[in-house]
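Okay, here's what each chain looks like letter by letter:
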Amino acid sequence: MSTLVIVESPTKARTIRNYLPKNYRVEASMGHVRDLPQSASEIPANVKGEKWAQLGVNVDADFEPLYVVPKDKKKVVTQLKEALKDASELILATDEDREGESISWHLYQLLKPKVPTKRMVFHEITQEAIKKALQNCRSIDEQLVRAQETRRILDRLVGYTLSPLLWKKIAWGLSAGRVQSVAVRLLVNRERERRAFKQATYWDLKATLTPPQTEKSKEQSFTAVLVTLAGTRLATGSDFDPSTGKIIADRKVVLLNQAEAEALKQRLSDKTWKVTDIEERPVTRKPAPPFTTSTLQQEANRKLRLSARDTMRIAQSLYEQGYITYMRTDSVHLSEQAIAAARSCVEQLYGKQYLSPQPRQYTTKSKGAQEAHEAIRPAGSSFRTPQETGLSDRELKLYDLIWKRTVACQMADSRQTQITVQLQVEDAGFRSSGKRIDFPGYLRAYVEGSDDPEAALEDQEIILPDLKVGDHPDCQDLETVKHETQPPARYTEATLVKTLESEGIGRPSTYASIIGTIIDKGYAQLTNNALIPSFTAFAVTELLEKYFHDVVDPSFTSKMEQTLDDIAAGEAEWLPYLRQFYLGDHGLETLVKQKEDQIDANQARTVELENLNAKIRIGKFGPYIEVENGDGVVTASIPRDLTPADLDPQKVETLLRQKTSGPDEVGRHPETGEPIYLLIGPYGPYVQLGDKSDENPKPKQASLPKGVKPEDVTLDMAVGLLSLPRTLGTHPETGATIQANLGRFGPYIVHNAKEGKDYRSLKAGDDVLTISLERALELLSEPKKGRSTSSKSKAALRELGTHPEDGEPVNIYDGPYGPYIKHGKTNVSLPEGTSPENIALDTALELLASKTSSGKSTRKTTKSTTSSRSKSTKAKSSTTAAKKTSERQQLNQ
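In short, a report on the structure. Within any chain, residue numbers begin from 1 and follow the written order of that chain's sequence. Reporting of local features is limited, given that this is a predicted model, to residues whose pLDDT is at least 70; pairs of side-chain atoms are given and counted only at 80 or more, and all residues count toward the totals for whole chains, interfaces and linings. Side-chain figures throughout are based on the complete set of non-hydrogen atoms in the structure, without hydrogens or water.

Let us look at the overall build of the protein chain. Runs of H or I in DSSP of at least four residues are treated as helices and runs of E of at least two as strands, each being numbered from the N terminus. What the protein chain contains, in helices and strands, is 24 helices and 31 strands. The long-range fraction of contacts in the protein chain, counting pairs at least 24 apart against all pairs at least 6 apart in sequence, stands at 66%. All accessible areas in this document rest on Shrake-Rupley with a 1.4 Å probe, and a residue is counted as covered only by the protein chains that are shown. Summed over all atoms, the accessible surface of the protein chain reaches about 45100 Å², with 48% contributed by carbon and sulfur. The contact criterion used is simple: two residues touch if any of their non-hydrogen atoms lie within 4.5 Å.

What follows is the structure, given as structure tokens:
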């Protein structure tokens, strides 16, 4: 008889097998095997008629959850039950956090083992850790399970109670969430601040100076900026009120305009400069603690431009392969073993002088820290350098980040000297600042926010020449400098994660899925790494703020998170809390029943923006502007790239003029004589040839290239854009045509070869309207990269194996819409919420088979000669079922 060990994923199972005795069998549960129903089709027949069945929680029976085995997990459960029949012992070895504890509990409830059962936990997958974990098994932590169950029920109650209300009042398919709605409000509030922001302009002077010439010194220029005038400090950006654009009251500062700055420049020309003071201040900087889930997501976003979702996916893979410790943790603590390993790396790679005098130990400040008990670090008692791992691409980059941060935390402090030189010329005071790195310390290995520590060290040093008080530097140049105050920066994934954690909202392990949902649901778009809220986000936030303020109140959500932690610690009762939250006099269900009739749908779909006479409505096809004029109501769609903060009266006028006065005419086509119009649509500005009519319902249109403003469009440019695609010629080897065109991701060329189209994006400096055949051939000769890389040539996220029917590989790739499985020409997306690391070959084959059979079924149905009555009935029932399934999926987000 063997011992059955169950973990979550096949990757984790393969790694653990290497460290267990031969009589141990390791199987994967493929994540959760049981959950609340995700769709109407999953609700058991015996409870389908119950009023609480759609909710999945019987609120009248002590909030009893309805757990079901999803269809795609039934085969997995059957296989686990078969494996258990031959086992003399069961070990549940899922992850050590709340989620992992919950998975183990559900497995125990489903499998009902009659053999001894143990719970095994570890924070790294190494031989030593697994051996130690086997000797220290425990039972399932019921308090931890109850806390996770309460959290799951609470999230379901919020999502399934508020989301249908948003469907009725604003738009179908929207969702609300306990943490998601607070995060969206943070984005909206920042956009409101940007909209209310009033820009201010101020001027100062910048001087380029050289030290006085002596025999011993070489000429070395340095810069200084104006800081005082007649003894009064010069205004800087922080002195302006962002809501008025004026100097804050009671600030005693000098504000220069352009004319005054120019006059001062003239007055100071040819005057004598004097060094009045030199201050050198030593500064010691200590290394940052090792990574937690939150700080890893923040730094990976800043340095590697990885989303929180991608960071967690890659970290999960690194953990399961045995490269790093468990990646869902709030702790910055390091074990003695880890400290010794890090110090050994420092000594070997950098020398003893770079070691901190004493081992550094960090403590977690967060009261809510409750996950794994060690920070994220390289696994094992000795750390493999990034070059020794054999990793590549993003896995290598993320491991390198974790390795550097861990090693750096045991290195010596960085010692620097800040140098400030004060200069005077007549009544104007200037300042020059420098920095000298006396000893780099930990910065030799890790500079936060930089990929290259050596380059960052060089950039940080600002060396000033050897000056002394009383010196008279020579002014080589004096220039006026214009400054404009900037609105508050939009949130990036990194800054949003940091804010959520600092406010105690949600848990770092959930931030990746929260941000992903916000983007997927259209509440925000990610542009240049900034999260920009949509008009729909404004409408939803305004409704929740007005009628359900607690749901989007950060302090309320933070207290809720603390209560959940108290439940996990046994310091609070879960059932009274749920009753009060949902069924109390001011409970969520009570409030929704009271408020629903008070909410006017037309008003809920209207976004109120300051200083804008037009109304913004949320329509079936997106947001639009609505204005009343003498002839009635005029509406115009809002382009998708136009953000709420940037919508001003001028842009409203432009969009509406297109509807009332007709589009702007660029000119007449030189060949056809037809008018060419410049218009703005939902996807941005474009040119159109001719008028729409019954004879010409779809006149030719062409989008403007990225970076081209509507006011810069000329007739020649418009004619060129409308002539796309341009045929450049034929390929000398294949004889196939080569064309230039504009597409979704910008300008490109395509080689129309017999074996398939071969695409290349144009590079900076290439113009789609003028690119030559020779240049196109150059681009085609270069290897593909980036978005245009085909799945045949790009690396797979995972190689699952070969297909039993044809021997062709079955792999998982990362596509523009997320990971997908590929076999030959068949692609199928991964089920929602499923990680690439949790997909086995058998599961992939099932998904591919269902895709193939679905496609065949559709074609046969199209050709069938079924009567119109049966077709109608089938279509109706199919549509209803699809709609119900889609509704439940929307609610679950």
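Before going further, it helps to examine the packing of aromatic side chains. Working definition: rings of Phe, Tyr and Trp (its six-membered ring) pair if their centres are within 6.5 Å, and the pair is stacked with planes under 30 degrees apart, edge-to-face with planes over 60 apart, and tilted otherwise. Applying the stated criterion across every chain yields a total of 11 aromatic pairs. Measuring from ring centre to ring centre gives 4.6 Å for Trp-273 and Phe-430, while their planes differ by 55°; the resulting arrangement is tilted. One end of the pair, Trp-273, is in the loop between helix H7 (258-268) and strand E10 (274-285); the other, Phe-430, is in strand E12 (residues 428-439), with 157 residues separating them in the sequence. Assigned by exposure class, Trp-273 and Phe-430 land together as buried. Above the face of the Tyr-491 ring, Arg-190 is positioned so that its terminal group lies 4.3 Å from the ring centre. Think of it in three bands: residues with accessible area under 20% of the maximum for their type are buried, residues over 50% are exposed, and the middle band is partly exposed, with areas taken using a 1.4 Å probe on protein chains only. To sit over a ring, a charge needs its Lys NZ or Arg CZ within 6 Å of the ring centre and within 35 degrees of the ring normal.

In this structure, Phe-63, Ile-170, Ile-324, Leu-398, Phe-548 and Leu-647 are the most contacted members of the largest nonpolar core, which totals 158 residues. Tallying contributions element by element places helix H5 (residues 142-169) first for this core, with 11 residues. Residues in contact with Ile-170, not counting those within four places in the same chain, are Ala-539, Val-540, Leu-543, Ala-604, Arg-605 and Ile-618. Membership of the second largest hydrophobic core comes to 25 residues, among which are Leu-205, Trp-273, Ile-419 and Val-425. For this analysis, a nonpolar core means a set of buried residues of the types Ala, Val, Leu, Ile, Met, Phe, Trp, Tyr and Cys, connected via side-chain atoms within 4.5 Å.

For a regular strand, side chains alternate in direction, first toward one face of the sheet and then toward the other. One bridge is not enough; two strands pair if DSSP finds at least two bridges between them. In this sheet, strand E18 (residues 622-629) lies alongside strand E17 (residues 615-619) in antiparallel orientation, the contact comprising 5 bridges. Bridged to Arg-617 within E18 is Tyr-624. From the end of E17 to the start of E18, which pair antiparallel, there are 2 residues. Summarising the sheet, E18 and strand E19 (residues 632-637) pair through 6 bridges and their orientation is antiparallel. Within E19, the residue paired with Glu-626 across the bridge is Thr-635. Joining the antiparallel neighbours E18 and E19 is a turn of 2 residues.

Attention now goes to helix H14 (residues 508-520). Within an α-helix, residues lying three or four positions from one another point in the same direction, as the helix has 3.6 residues per turn. Residue count minus one, scaled by 1.5 Å, sets the expected span of a helix. Between its first and last C-alpha, H14 extends 19 Å over 13 residues, near the 18 Å set by a 1.5 Å rise per residue. Along H14, the residues classified as buried are Pro-508, Tyr-511, Ala-512, Ile-514, Ile-515, Gly-516, Thr-517 and Ile-518. Elements that come into contact with the buried residues of H14 comprise helix H6 (180-196), helix H8 (293-304), helix H9 (308-320), helix H13 (493-502) and strand E14 (524-527). One or two positions beyond H14, positive phi appears at Gly-522, with a value near 80°.

With that out of the way, let us pick up the side chain of Glu-8. Among the secondary structure elements, Glu-8 is positioned in the loop between strand E1 (2-7) and helix H1 (10-17). For Glu-8, a relative accessible area of 6% puts it in the buried group. Think of a polar contact as two N or O atoms within 3.5 Å of one another; within protein, one of them needs to be a possible hydrogen donor and the other a possible acceptor, and neighboring residues in sequence only count if both atoms come from side chains. Of the polar contacts made by the side chain of Glu-8, one reaches the backbone nitrogen of Asp-95; its length is 2.6 Å.

To continue, consider the environment of Val-76. Mapped onto the fold, Val-76 is located in helix H2 (residues 74-85). Val-76 sits in the buried class, given a relative accessible area of 9%. Considered as a pair, Val-76 and Asp-842 are 766 residues apart in the sequence and their alpha carbons are 9.8 Å apart.

Attention now moves to the sheet that holds strand E23 (residues 701-703). The sheet built from 4 strands is open, its strands ordered E20-E21-E22-E23 with antiparallel pairing. This sheet does not close on itself; its edge strands, each paired only once, are strand E20 (664-668) and E23. Within this sheet the neighbouring strands show an average axis-to-axis angle of 30°, counted without direction. The pairing of E20 with strand E21 (residues 675-681) spans 4 bridges and is antiparallel. Note on E21: the bridge partner recorded for Glu-665 is Tyr-677. Each of E20 and E21 is contacted by helix H20 (residues 649-660), which is oriented at about 130° to E21, the strand it contacts most. The strands touched by helix H21 (residues 715-722) are E20, E21, strand E22 (684-689) and E23; relative to E22, the strand with the most contacts, the crossing angle is about 80°. Lines fitted to C-alpha atoms define the axes here, with helix axes fitted over just the stretch in contact, and angles between the N-to-C directions of these axes take values from 0 to 180 degrees.

Before going further, it helps to examine the side chain of Gln-148. Within the element layout of this structure, Gln-148 appears in helix H5. Given a relative accessible area of 9%, Gln-148 falls into the buried group. For Gln-148, the contacting residues outside a window of four places in its chain are Arg-98, Glu-99 and Ser-102.

The strand order across the open sheet formed by 4 strands is E24-E25-E26-E27, and the pairing between neighbours is antiparallel. Two strands bound the open sheet, and with one partner strand each, they are strand E24 (726-730) and strand E27 (756-761). Within the sheet, the average angular offset between the axes of one strand and its neighbour, ignoring direction, is 25°. The pairing of E24 with strand E25 (residues 737-743) spans 4 bridges and is antiparallel. What sits directly across from Thr-730, in E25, is Thr-737.

Here the focus is the packing of H6 against helix H15 (residues 535-547). Running from N to C, H6 and H15 cross one another at 110°; their axes reach a closest spacing of 9 Å. Compared by their axis directions, H6 and H15 come out roughly perpendicular. In this structure, H6 meets H15 at a crossing whose hand is left-handed. When H6 is examined against H15, the residues Ser-181, Val-184, Arg-185, Val-188, Asn-189, Glu-191 and Arg-192 are found in contact with a partner set consisting of Ala-537, Phe-538, Thr-541, Glu-542, Leu-544 and Glu-545. Put simply, angles under 35 degrees are roughly parallel, angles over 145 are roughly antiparallel, angles from 65 to 115 are roughly perpendicular, and the rest are oblique. Two helices cross in a left-handed way if the nearer one is turned anticlockwise from the farther one by less than a right angle. They cross in a right-handed way if the turn is clockwise.

Remark: H8 packs on H9, axes separated minimally by 9 Å, with the N-to-C direction vectors making an angle of 115°. As H8 runs across H9, the sense of the crossing is right-handed. Residue-level contacts link Thr-293, Leu-296, Gln-297 and Ala-300 of H8 to Ala-308, Thr-311, Met-312 and Ala-315 of H9. Throughout, the ten residues Ala, Val, Leu, Ile, Met, Phe, Trp, Tyr, Cys and Pro are labelled nonpolar, Asp, Glu, Lys and Arg are labelled charged, and all others, Gly among them, are labelled polar. Looking at side-chain class alone, the contact of H8 with H9 contains 5 nonpolar, 3 polar and no charged residues.

Let us look at the pattern of salt bridges. By definition here, a salt bridge exists when the distance from a side-chain nitrogen of Lys or Arg to a carboxyl oxygen of Asp or Glu is within 4 Å. Inspection of the entire model under this criterion finds 50 salt bridges. Between Arg-360 and Asp-413 there is a salt bridge, with the nearest N and O atoms lying 2.5 Å from each other. Here the residue Arg-360 occupies a position in the loop between helix H10 (336-349) and helix H11 (393-408), and Asp-413 occupies one in the loop between H11 and strand E11 (414-425), the gap between them amounting to 53 residues. Its relative accessible area of 17% is what places Asp-413 among the buried residues. Here Lys-593 and Glu-589 are joined by a salt bridge, their closest N and O atoms 3.9 Å apart. On the criterion of helical spacing, the pair formed by Lys-593 and Glu-589 is a turn pair, its members being 4 residues apart in helix H18 (residues 588-595). Since its relative accessible area comes to 59%, Lys-593 is described here as exposed.

Attention now goes to unusual backbone geometry. Following Leu-724, the chain continues to Pro-725 via a peptide bond in cis, the omega torsion being 0°. On the secondary structure map, Pro-725 appears in the loop between H21 and E24. Its identity is not glycine, yet Glu-426 carries a phi of approximately 55°, on the positive side. For Glu-426, the position within the fold is in the loop between E11 and E12.

With that settled, consider H7. Inspection of H7 places Ala-261, Leu-264 and Leu-268 among the buried residues, and these make up the whole buried set. For H7, the angular spread of buried residues about the axis comes to 60°, placing them on one side. Opposite the buried face of H7, by more than 90 degrees, sit the exposed residues Ala-259 and Gln-266. Against strand E7 (201-210), strand E8 (222-229), E11, E12 and strand E13 (474-484) lie the buried residues of H7. For H7, the N-terminal capping position is held by Asn-257, with its side-chain oxygen 3.2 Å away from the main-chain nitrogen of Ala-259. Backbone geometry just after H7 places Asp-270 at a positive phi near 65°. Summarising the geometry, the arc corresponds to the directions from the helix axis toward the C-beta atoms.

These values are about where atoms sit, not about what they do.
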